Amino acid sequence: YGGMGLDFSYNIAVAEELGNIRCGGIPMAIGVQAGMATPALTRFGSHELKKQFLVPTIAGDFVACLGISEAGAGSDVANIKTTAVRKGDEYVINGGKMWITSGSQADWMCLLANTSEGPPHRNKSLICLPMNLPGIHVAKKIDKLGMRSSDTAQIFFEDVRVPCKNLIGEEGKGFTYQMLQFQEERLWGVATALTPMETIIQETIDYSRQRKVFGQPVLHNQTVHFRLAELATEVELLRSLLHRAVALYVEGNDVTKFASMAKLKAGRLTREVTDSCLQFWGGMGFTSEVLVSRFYRDLRLMSIGGGTDETMLSIICKYMDTLPRK
């Protein structure tokens, strides 16, 4: 379908390299295309669907977006309310999606919707939804704290009709497909954060070495160079966890626990690195002129998007069999 036929570890190599871009929004947008909106279609879609949607997406002619989150259901995927009711050979879609990356410009959406009245984990389906259909309203581009170069949209659906053949895989399997898709999304997110953290630490070293306070470089204070050493160590530990998870995933293992651990650690560590380093920049750190303040804003999303820290903790507890049963 136009791809290179490489395994998922190459996605991660690309994601790490994209971290050299001096903002978070561009790697995130590419990640939506490569590791968030397309894995389910690649794995479970029909040949016809792949020809229609995957080929132009891989070629870069189509922009894809992922339609999961809603105003009342972010990390709580099972609670989405958007419906796709089968009428003849079409689905009629009603509802809305929130915080949709690339939603203002997307050519198609990988949409998760309720296709039956059954249990919340078995009543959902993924559908390839062209974004130029009647009844699709892109309400607004959301003004955000960070990731400001990325368009994030609120979208409403009003009696949108899409052919039933646009269903990805089997009806009712959408929640399961999305959980598999999340593994790749979370690993991609972790990989894109590694290089920015390294960059921020190095730029902070350079700045604090030449910035003098009370007659000596800021870097010469033990609290500063020790803290930077701790942070650099944490980044390397996260990289090792990521690479272990990816190696297991490429071998065909379920890495949900490790991916969740890596995502949790990345969310917390990006906050630690950017906050600590910004402090060492002093007043300059509070301006928009330096990279550390941009990543302080951009990387804050890591603890929220693609499943919050708290959701990651719940998943880890589930695998450890410590989560209280309902």
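Thresholds, definitions, all that
- Residues numbered from 1 in each chain as written.
- Predicted model: local features only at pLDDT ≥ 70, side-chain atom pairs only at ≥ 80, totals over all residues.
- Heavy atoms only, no water.
- UniProt positions renumbered as here; feature names shortened; annotations may be inferred.
- Helix = DSSP H or I, 4+ residues; strand = E, 2+ residues; numbered from the N terminus.
- Phe/Tyr/Trp six-rings, centres within 6.5 Å; stacked < 30°, edge-to-face > 60°.
- Buried < 20%, exposed > 50% of the residue type's maximum accessible area, 1.4 Å probe, protein only.
- Lys NZ or Arg CZ within 6 Å of the ring centre and 35° of its normal.
- Axes fitted to C-alpha atoms, helices over the stretch in contact; angles between N-to-C directions.
- Left-handed = near helix turned anticlockwise from the far one by under 90°.
- Contact = heavy atoms within 4.5 Å.
- Nonpolar A, V, L, I, M, F, W, Y, C, P; charged D, E, K, R; others polar.

## Notes on the UniProt feature "domain: Acyl-CoA oxidase/dehydrogenase middle" (unreviewed entry) in the protein chain
UniProt's entry tags residues 65-160 with the feature "domain: Acyl-CoA oxidase/dehydrogenase middle" (unreviewed entry), counted in the numbering of this structure. Between the end C-alpha atoms of residues 65-160 there is a gap of 17 Å, over a span that is 0% helix and 51% strand.

## So, the packing of aromatic side chains
Evaluated as defined, the whole model comprises four aromatic pairs. Ring geometry for Phe-8 against Tyr-249: centres 5.2 Å apart, planes inclined by 75°, an arrangement best described as edge-to-face. Within this pair, whereas Phe-8 is found in helix 1 (residues 8-18), its partner Tyr-249 is found in helix 6 (residues 222-250), the two being separated by 241 residues in sequence. Neither residue differs from the other here; Phe-8 and Tyr-249 are each classed as buried. Aromatic pair Tyr-207 and Trp-281: ring centres 4.1 Å apart, planes at 5°, arrangement stacked. Separated by 74 residues along the polypeptide, Tyr-207 in helix 5 (residues 174-210) and Trp-281 in the loop between helix 7 (256-280) and helix 8 (291-298) bring together distant segments of the chain. Trp-281 shares its class with Tyr-207; the two are buried. One Lys or Arg, Arg-186, reaches over the ring of Phe-182 and ends 4.5 Å from the middle of that ring.

## Topic: the packing of helix 5 against helix 8
Between helix 5 and helix 8, the shortest axis-to-axis distance is 10 Å and the interhelical angle comes to 145°. Here the hand of the crossing between helix 5 and helix 8 comes out left-handed. In contact with Pro-196, Thr-199, Ile-200 and Glu-203 of helix 5, helix 8 contributes Leu-291, Val-292 and Phe-295. Tallied by class, the residues present in the contact of helix 5 with helix 8 amount to five nonpolar, one polar and one charged.

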